[in-house]
Amino acid sequence: MNPVRRRRLLWVMLLVLASGLATALVAMALQRNIAYLYTPSEVLRGDAGDHARFRLGGMVVKGSLQRAPGSMDAHFVVTDGDATLPVITSRILPDLFAEGTAVVATGRLRDGRFVAEEVLAKHDETYMPKEVADKMGQAHTKHDVPVPAAETY
């Protein structure tokens, strides 16, 4: 093989190796930042894993919101109709957060409680994230609960 072809082959091999390495690094970064949505019954069944970061979706149980006096800690319970899961957060809750409304919280499961790093509430009376609406619809169907027409995006 002459020197020109050898040099071209070396450059092509380096280019393929560099692009493969870049692809692997991007895939690993994306995998670490993905947060899957689970309902309380799926979490208690063990679908979410032990220490994985994930999103918890459901409805805030009425009468479950408790705030520690003198701190930002908030404790509440999220349900999907089948199971309930206690949630604790030390972050500021959104203005639209209320009992009996849909919520999506991002965090981890620790000692049987969900520790939320971020809490999102629905933005108006009719909106609910599609993933939450689908899973809540399945729970309503299972328990023969009438489902109001909800607009999803």
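Residues numbered from 1 in each chain as written. Predicted model: local features only at pLDDT ≥ 70, side-chain atom pairs only at ≥ 80, totals over all residues. Heavy atoms only, no water.

**A few points about the confidence of the model for the protein**
Note the following rule: A score from 0 to 100, pLDDT tells how confident the predictor is in each residue. By definition, any uninterrupted DSSP run of H or I lasting at least four residues is a helix, any uninterrupted run of E lasting at least two residues is a strand, and each is numbered from the N terminus.
Here the protein averages 83 in pLDDT, while 82% of its residues score no lower than 70. Mean pLDDT values over the elements of the protein span from 73, in helix α3 (residues 130-142), up to 94, in strand β5 (residues 84-89).

**What about the side chain of T79?**
Inclusion rule: Two N or O atoms count as a polar contact when they lie within 3.5 Å, although within protein this holds only if one can serve as hydrogen donor and the other as acceptor, and sequence-adjacent residues are included solely when both atoms are side-chain atoms. By definition, residues are in contact when any of their heavy atoms lie within 4.5 Å.
Mapping T79 onto the fold places it in strand β4 (residues 74-79). Engagement of the side chain of T79 in a polar contact is seen with the backbone oxygen of A83, the distance being 3.0 Å. Beyond its immediate sequence surroundings of up to four residues, T79 is in contact with P40, G58, M59, V61, T84 and M136.

**Here's the deal with the packing of aromatic side chains**
When we look at a pair of aromatic rings, we describe it by the centre distance and by the angle of the planes. Rule in force here: The criterion for an aromatic pair is that two Phe, Tyr or Trp rings (for Trp, the six-membered ring) have centres within 6.5 Å, with stacked assigned to planes under 30 degrees apart, edge-to-face to planes over 60 apart and tilted to the rest. Think of it in three bands: with a 1.4 Å probe and only protein chains considered, a residue is buried below 20% of the maximum accessible area for its type, exposed above 50%, and partly exposed in between.
Under the definition given, this model contains three aromatic pairs. Between the aromatic rings of Y38 and F54, the centroid separation amounts to 5.6 Å while the plane-to-plane angle is 85°, which identifies the pairing as edge-to-face. Linking Y38 in strand β1 (residues 37-38) with F54 in strand β2 (residues 54-60), this pair joins segments that are 16 residues apart in sequence. For F54, a relative accessible area of 1% corresponds to the buried category. Ring centres of F54 and F114 lie 5.1 Å apart, and the angle between their planes is 55°; this geometry places the pair in the tilted category. Of this pair, F54 sits in strand β2 while F114 sits in strand β7 (residues 113-121), and the two are 60 residues apart along the sequence. Ring-pair connections join several aromatic residues into one group, and the members of that group are Y38, F54 and F114.

**Things to note about the side chain of T39**
Relative to the assigned elements, T39 resides in the loop between β1 and α2 (40-45). Judged by its relative accessible area of 7%, T39 is buried. Filtering out sequence-adjacent residues up to four positions away, T39 remains in contact with L56, G57, D80 and K135.

**Some details on a nonpolar patch on the surface**
Selection rule: To count toward a patch, a residue needs a relative accessible area over 30% and no salt bridge; like charges are then connected within 9 Å, while nonpolar side chains (Val, Leu, Ile, Met, Phe, Trp, Tyr) are connected within 5 Å. Residue-level accessible areas treat just the shown protein chains as cover; the underlying method is Shrake-Rupley with a 1.4 Å probe. Here a salt bridge means any side-chain nitrogen of Lys or Arg lying within 4 Å of a carboxyl oxygen belonging to Asp or Glu.
Judged by side-chain polarity, L10, W11, L14 and L17 come together as a nonpolar surface patch covering roughly 470 Å² of accessible area. Relative to the assigned elements, L14 resides in helix α1 (residues 3-33). L14 sits in the partly exposed class, given a relative accessible area of 43%.

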